[in-house]
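What follows is each chain in one-letter form.
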Amino acid sequence: DAKTTQPNSMESNEEEPVHLPCNHSTISGTDYIHWYRQLPSQGPEYVIHGLTSNVNNRMASLAIAEDRKSSTLILHRATLRDAAVYYCILRDDSSPLITTGNQFYFGTGTSLTVIP
Amino acid sequence: GAGVSQSPSNKVTEKGKDVELRCDPISGHTALYWYRQSLGQGLEFLIYFQGNSAPDKSGLPSDRFSAERTGGSVSTLTIQRTQQEDSAVYLCASSLYGTQETQYFGPGTRLLVL
């Protein structure tokens with residue numbers, strides 16, 4: 001079953017770029033890579049997702065390795081408000097009713113500390 | 001528009017009592033999910049609803065836990081005979097149709113069992 005592995009914690013200086021890695025070596029062809037983040041005392045929020053090509057949105061960029069076995073979430077300029085736990089998750093796109101347990105596996109994520 | 005709401009925001013109960021936690025998903029979202037997050041831990045999946053049916057109950061930790069969803073909208077998670085290890089934040093999320101879509105989370109219910 002495809003799962004993800006992430007470092008437990010990372011630090012970044014404010015206004016510097018941050019690269020958050022995620023390994024998913026057993027990813028399947030129909031798995032999308034989703035990133036969520038959880039700010040302190042809040043529920044998780046969606047950040048970005050992609051399949052094969054790199055993706056950009058107003059929050060972040062997602063770089064996906066050519067073999068799709070790893071990906072990197074890029075925050076271009078970290079702010080103090082970006083301090084959160086970042087989760088990398090795989091979602092099977094083949095059917096909206098796929099219910100394998102890994103669809104909902106968030107793991108423990110990467111706790112990002114932003115240093116002023 | 002309104003996001004996912006949960007009530008109560010905090011609940012303190014005594015060991016052995018039953019509790020009900022409520023989730024109001026985003027209007028029109030057919031998929032609804034319950035998770036549990038213990039202090040300092042990641043999210044633990046509990047149950048997933050598609051409409052009023054639950055195709056995946058695999059995460060419910062024991063038969064003390066049950067959930068229902070009525071009218072394809074509001075969901076209630078019930079914990080019977082609460083134990084101290086049930087203390088956690090219970091998070092609800094919804095998505096428009098299926099499991100491959102973005103999940104929108106509520107603020108959670110913080111449950112403390114004394």
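How each quantity is defined
Residues numbered from 1 in each chain as written. Chains lettered and ligands numbered in written order. Predicted model: local features only at pLDDT ≥ 70, side-chain atom pairs only at ≥ 80, totals over all residues. Heavy atoms only, no water. Helix = DSSP H or I, 4+ residues; strand = E, 2+ residues; numbered from the N terminus. Buried < 20%, exposed > 50% of the residue type's maximum accessible area, 1.4 Å probe, protein only. Contact = heavy atoms within 4.5 Å. Areas by Shrake-Rupley, 256 points an atom, 1.4 Å probe, with all protein chains shown as cover. Core = buried A, V, L, I, M, F, W, Y, C linked by side-chain atoms within 4.5 Å. Polar contact = N/O pair within 3.5 Å; in protein donor to acceptor, adjacent residues only side chain to side chain. Pairing = 2+ DSSP bridges. Axes fitted to C-alpha atoms, helices over the stretch in contact; angles between N-to-C directions.

Asks: Please clarify how the overall build of chain A should be interpreted in this entry.
Replies: The number of helices and strands found in chain A is 0 helices and 9 strands. In chain A, which comprises 116 residues, the proportion classed as buried is 44%. Nonlocal contacts in chain A, meaning residues at least 24 apart in sequence, comprise 59% of its contacts between residues at least 6 apart. Just so you have it, chain A exposes about 5,700 Å², and 47% of that area is on carbon and sulfur atoms.

Asks: Got a minute to help me understand the nonpolar core in this structure?
Replies: Proteins that are soluble and globular tend to have nonpolar side chains buried together. Of all hydrophobic cores here, the largest spans 21 residues; its most connected members are Leu20, Ile33, Trp35, Leu73, Leu75, Tyr86 and Leu112 of chain A. Going through the elements one at a time, strand E2 (18-23), strand E3 (31-38), strand E4 (45-50), strand E6 (61-64), strand E7 (70-75), strand E8 (84-92) and strand E9 (110-115) of chain A are the ones with two or more residues in this core. Sorting elements by how many residues they give to this core places E8 of chain A first, with 4 residues. Apart from the residues lying within four places of it in its own chain, the contact partners of tyrosine 86 of chain A are Gln6, Leu20, Trp35, Tyr36, Arg37, Leu73, Leu75, Gly109, Thr110 and Leu112 of chain A. Val19, Ile47, Phe49 and Leu111 of chain B belong to the second largest nonpolar core, which has 19 residues in total.

Asks: Can you walk me through the environment of threonine 4 of chain A in this structure?
Replies: Residue and element names in this part refer to chain A. Along the chain, the position of threonine 4 falls in the segment before strand E1 (9-13). A C-alpha to C-alpha distance of 11 Å links threonine 4 and phenylalanine 104, two positions 100 residues apart in sequence. Contacts of threonine 4, omitting those with residues within four sequence positions, involve Cys22, Asn23, His24, Cys88, Ile89, Leu90 and Tyr105. A polar atom in the side chain of threonine 4 sits 2.8 Å from the backbone oxygen of cysteine 88.

Asks: For this particular structure, what's the right way to read the sheet that holds strand E1 (residues 5-7) of chain B?
Replies: Whenever strands of a sheet pair, they do so through backbone hydrogen bonds, lying parallel or antiparallel. All names here are of chain B. If you trace the 4 strands from one edge of the open sheet to the other, you get E1-E3-E8-E7, paired in antiparallel fashion. Among the strands making up the open sheet, the edge pair consists of E1 and strand E7 (65-69). On average, adjacent strands in this sheet sit at an angle of 15 degrees to one another, irrespective of strand direction. Direction of pairing for E7 relative to strand E8 (residues 75-79): antiparallel, over a ladder of 5 bridges. Across the sheet, serine 66 pairs through a bridge with threonine 78, a residue of E8.

Asks: Is there a simple way to explain the pairing of E8 of chain B in this structure?
Replies: Side chains on a regular strand alternate between the two faces of the sheet. Residues and elements named next belong to chain B. With 5 of 5 residues buried, E8 is to be regarded as a mostly interior element. Residues Ser75, Leu77 and Ile79 line one face of E8 and the alternating positions Thr76 and Thr78 line the opposite face, and both faces are buried. In this sheet, E8 lies alongside strand E3 (residues 19-24) in antiparallel orientation, the contact comprising 5 bridges. When the sheet's bridge partners are listed, arginine 22 is paired in E8 with threonine 76. The turn joining E7 and E8, which pair antiparallel and follow one another in sequence, is formed by 5 residues; a positive phi near 65 degrees is taken by glycine 71.

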